[in-house]
Amino acid sequence: MVKYLCKKEASTYLKNELGISISDKTLSKYITTGGGPEYFKFGWRVVYTVETLTEWVNSKMSKPLRGSFEEEKYNYNNFKVQSIYGGNNDE
């Protein structure tokens, strides 16, 4: 069963489970400006799933680096974060 998270719950999940601090206000800004995780509408409310949040983090995450000199060598979309709610996301 899919669990839907409101913006505040999504922010808490990102921080507590994935170690990424993104406020619910920043998530609101991403809804307006783009660049944030995919979301759903339930009536007028915005909700997220653990899967879409984790996929978004994966899309933003770089590969491990040993120094700033390596940053240009890597494609940032290949490193995967593992969610405690569903193993890895290699689907």
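Our subject is the structure listed above.
Keep in mind that this is a model prediction, so the values were computed, not measured.

## Section: the overall build of the protein chain
Stage number 1. Looking only at helices and strands, one finds 3 helices and 3 strands in the protein chain.
Stage number 2. Along the protein chain, helices and strands appear, N-terminal first, in the series β-α-α-β-β-α.
Stage number 3. Counting across all 91 residues of the protein chain, residues that qualify as buried make up 26%.
Stage number 4. Restricting to contacts in the protein chain with at least 6 residues of sequence separation, those with at least 24 account for 42%.

## Side note on the side chain of S11
Stage number 1. Structurally, S11 can be placed in helix α1 (residues 7–18).
Stage number 2. For S11, a relative accessible area of 14% gives the class buried.
Stage number 3. In contact with S11, not counting residues within four places along its chain, are I22, S23, D24 and L27.

## Points about the packing of α1 against helix α3 (residues 50–60)
Stage number 1. Interhelical geometry of α1 versus α3 gives an angle of 60° and a closest axis separation of 11 Å. Considering the angle they form, α1 stands oblique to α3. Crossing of α1 against α3: the hand is right-handed. Only V50, L53, T54, W56 and V57 of α3 make contact with α1, whose side of the interface consists of A10, Y13, L14 and L18.
Stage number 2. A class-by-class count of the residues in the contact of α1 with α3 yields 8 nonpolar, 1 polar and no charged.

## Here's the deal with the packing of α1 against helix α2 (residues 24–33)
Stage number 1. In contact at an axis separation of 8 Å, α1 and α2 are set at 115° when each is read in the N-to-C sense. Compared by their axis directions, α1 and α2 come out roughly perpendicular. In the crossing of α1 with α2, the sense of the turn from one axis to the other is right-handed. From α1, K7, K8, A10, S11 and L14 reach across to α2, where they touch D24, L27, S28 and I31.
Stage number 2. Per-class residue counts for the contact of α1 with α2 are 4 nonpolar, 2 polar and 3 charged.

## Concerning the environment of Y13
Stage number 1. Mapped onto the fold, Y13 is located in helix α1.
Stage number 2. The spatial distance from the C-alpha of Y13 to the C-alpha of V50 is 7.9 Å, given a sequence separation of 37 residues.

Cut-offs and rules
Residues numbered from 1 in each chain as written. Predicted model: local features only at pLDDT ≥ 70, side-chain atom pairs only at ≥ 80, totals over all residues. Heavy atoms only, no water. Helix = DSSP H or I, 4+ residues; strand = E, 2+ residues; numbered from the N terminus. Buried < 20%, exposed > 50% of the residue type's maximum accessible area, 1.4 Å probe, protein only. Contact = heavy atoms within 4.5 Å. Axes fitted to C-alpha atoms, helices over the stretch in contact; angles between N-to-C directions. Parallel < 35°, antiparallel > 145°, perpendicular 65-115°, else oblique. Left-handed = near helix turned anticlockwise from the far one by under 90°. Nonpolar A, V, L, I, M, F, W, Y, C, P; charged D, E, K, R; others polar.

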